[in-house]
Amino acid sequence: MTRVAILSMTMLATVAFAADRKTYRYNCKGGAFTVTAAIEISGRWSKADPVILQIDNEPPQMLVADPDAPDADSFRNKDYEFYALKNFVRLTRMSHGVIVKTYNACRAE
């Protein structure tokens, strides 16, 4: 019975500390976009959860964490790469490995 109570309390604590989702809007040279990310208790973006990228009227894109950039918020899929380190934010659109469009000099609203 004690084990069940401990397990129940552990599960409740895990749910209580689940990451909140927050949406950020960026205005850049090249356009504007929003990114919705799960925020950890530490205030950093969760690397375990994908982020959702929305550019104007395009369909939303799901980006996953880039393991090669542990100190930055870096997420990518086959078409987009989002990179943020402190005040430096950049979004790059690629096609077959070639950069098609870059959103740089981004400022968060």
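Bear in mind the structure is a predicted one, so any value in this text is a computation, not a measurement.

## Quick look at the pairing of strand β8 (residues 98–108)
When a strand is regular, its side chains alternate between the sheet's two faces. Note: strand β1 (residues 20–29) against β8, three bridges, orientation antiparallel. Paired with Tyr-26 across the strands is Ala-108, a residue of β8. Relative to β8, strand β7 (residues 88–95) runs antiparallel, the two being bridged by five bridges. In the sheet register, Met-94 faces β8, and the bridge partner there is Ile-99.

## Some words on the pattern of salt bridges
For the coordinates displayed, the defined rule picks out seven salt bridges. For Arg-25, the salt bridge goes to Glu-109, with nearest N and O atoms at 3.6 Å. Of this pair, Arg-25 sits in strand β1 while Glu-109 sits in the segment after β8, and the two are 84 residues apart along the sequence. Of the charged contacts in the structure, one is a salt bridge between Lys-78 and Asp-79, with a shortest N-O distance of 3.3 Å. Overall, Asp-79 belongs to the partly exposed group, its relative accessible area being 21%. Linked through salt bridges whose partners overlap, the residues forming this network are Asp-66, Arg-76, Glu-81 and Arg-90.

## Comments concerning the packing of aromatic side chains
This structure, assessed with the given rule, holds eight aromatic pairs. Aromatic side chains Phe-33 and Tyr-103 sit 5.8 Å apart centroid to centroid with 75° between the ring planes, which places their arrangement in the edge-to-face category. A residue pair is termed long-range when its members are at least 10 positions apart, and Phe-33 in strand β2 (residues 31–39) and Tyr-103 in strand β8 qualify at 70 residues. The exposure class assigned to Tyr-103 is buried, which follows from its relative accessible area of 3%. Considering the side-chain rings of Tyr-83 and Phe-88, the 6.1 Å spacing of their centres and the 65° angle between planes classify their relative orientation as edge-to-face. Ring pairs connect the aromatic residues Tyr-24, Tyr-26, Phe-33, Trp-45, Phe-75, Phe-82 and Tyr-103, which therefore count as one cluster. Across the ring face of Phe-75, the terminal group of Lys-47 is positioned such that the distance to the ring centre comes to 5.5 Å.

## Comments concerning the environment of Tyr-103
When the C-alpha atoms of Tyr-103 and Phe-82 are compared, they prove to be 9.4 Å apart, with 21 residues separating the residues in sequence. In contact with Tyr-103, not counting residues within four places along its chain, are Cys-28, Lys-29, Gly-30, Gly-31, Ala-32, Phe-33, Ile-55, Val-89, Arg-90 and Leu-91.

## Topic: the environment of Lys-29
Note that Lys-29 resides in strand β1. Residue classification places Lys-29 among the exposed positions, given a relative accessible area of 59%. A sequence separation of 75 residues divides Lys-29 from Asn-104, and the C-alpha atoms of the two residues are 5.5 Å apart. In this structure Lys-29 touches Thr-102, Tyr-103, Asn-104 and Ala-105, once residues within four positions along its chain are discounted.

What counts, and at which threshold
Residues numbered from 1 in each chain as written. Predicted model: local features only at pLDDT ≥ 70, side-chain atom pairs only at ≥ 80, totals over all residues. Heavy atoms only, no water. Pairing = 2+ DSSP bridges. Helix = DSSP H or I, 4+ residues; strand = E, 2+ residues; numbered from the N terminus. Salt bridge = Lys/Arg side-chain N within 4 Å of Asp/Glu carboxyl O. Buried < 20%, exposed > 50% of the residue type's maximum accessible area, 1.4 Å probe, protein only. Phe/Tyr/Trp six-rings, centres within 6.5 Å; stacked < 30°, edge-to-face > 60°. Lys NZ or Arg CZ within 6 Å of the ring centre and 35° of its normal. Contact = heavy atoms within 4.5 Å.

Function cannot be inferred from these measures alone, as they are strictly geometric.
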